[in-house]
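An overview of the molecular structure
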Amino acid sequence: MSDELLRVGETLHLGKADWVYGDRSMRVRVSDIRYGHDSDESPVIGILATIIGGGRDGRMVAISIYKESLTRPGVREASRAVNGTDPYP
């Protein structure tokens, strides 16, 4: 894993326990990182994201994701570059 826990454009597969007040599992694409990413003391990262799977596709959401969930296998979808290069140099 890189130095950053999360990047704009990443796709996340979130279970109910992965986000604050989680009431369902869903798949989201990160649009903006709002807070918590630069603080070691914060247990969450606040993001804006687009739901791309989970019953409300296309809607924007503002959610807080538990940092510890981002280190579990299967939560962060592996990024694939279209042209075969590293998408995050």
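Everything discussed here concerns the structure shown above.
Criteria and thresholds
Residues numbered from 1 in each chain as written. Predicted model: local features only at pLDDT ≥ 70, side-chain atom pairs only at ≥ 80, totals over all residues. Heavy atoms only, no water. Helix = DSSP H or I, 4+ residues; strand = E, 2+ residues; numbered from the N terminus. Buried < 20%, exposed > 50% of the residue type's maximum accessible area, 1.4 Å probe, protein only. Areas by Shrake-Rupley, 256 points an atom, 1.4 Å probe, with all protein chains shown as cover. Pairing = 2+ DSSP bridges. Salt bridge = Lys/Arg side-chain N within 4 Å of Asp/Glu carboxyl O. Axes fitted to C-alpha atoms, helices over the stretch in contact; angles between N-to-C directions.

1. Some details on the overall build of the chain
For the chain, the count of helices and strands is zero helices and four strands. Starting at the N terminus, the α and β elements of the chain follow one another as β-β-β-β. Looking at the chain as a whole, 33% of its 89 residues are labelled buried. Summing over all exposed atoms, the chain offers an accessible surface of approximately 5,700 Å²; the carbon and sulfur share of this is 49%.

2. With respect to the pairing of strand β2 (residues 26–35)
Alignment of strand β1 (residues 11–14) against β2, held across four bridges, turns out to be antiparallel. For Leu12, the partnering residue across the bridge sits in β2 and is Val28. Here β2 pairs with strand β3 (residues 44–53) via seven bridges, running antiparallel. Counted as the bridge partner of Arg27 is Gly53 from β3.

3. Observations regarding the pattern of salt bridges
Inspection of the entire model under this criterion finds five salt bridges. Asp18 is paired through a salt bridge with Arg72; the nearest N and O atoms lie 2.6 Å apart. Of this pair, Asp18 sits in the loop between β1 and β2 while Arg72 sits in the segment after β4 (60–66); the two residues are 54 residues apart in sequence, bridging distant segments of the chain. Arg34 is paired through a salt bridge with Asp32; the nearest N and O atoms lie 2.8 Å apart. Residue classification places Arg34 among the exposed positions, given a relative accessible area of 52%. The class of Asp32 is partly exposed, set by a relative accessible area of 27%.

4. Some points on the sheet that holds β1
Pairing between sheet strands relies on hydrogen bonds along the backbone, with the strands arranged either parallel or antiparallel. Spatial ordering of the open sheet is given by β1-β2-β3-β4, a layout of four strands whose pairing is antiparallel. The sheet is open, and its two edges are formed by β1 and β4, each paired on a single side. For this sheet, the mean inter-axis angle between neighbouring strands, taken without regard to orientation, is 50°.

Bear in mind that shape data such as this cannot, by itself, settle questions of function.
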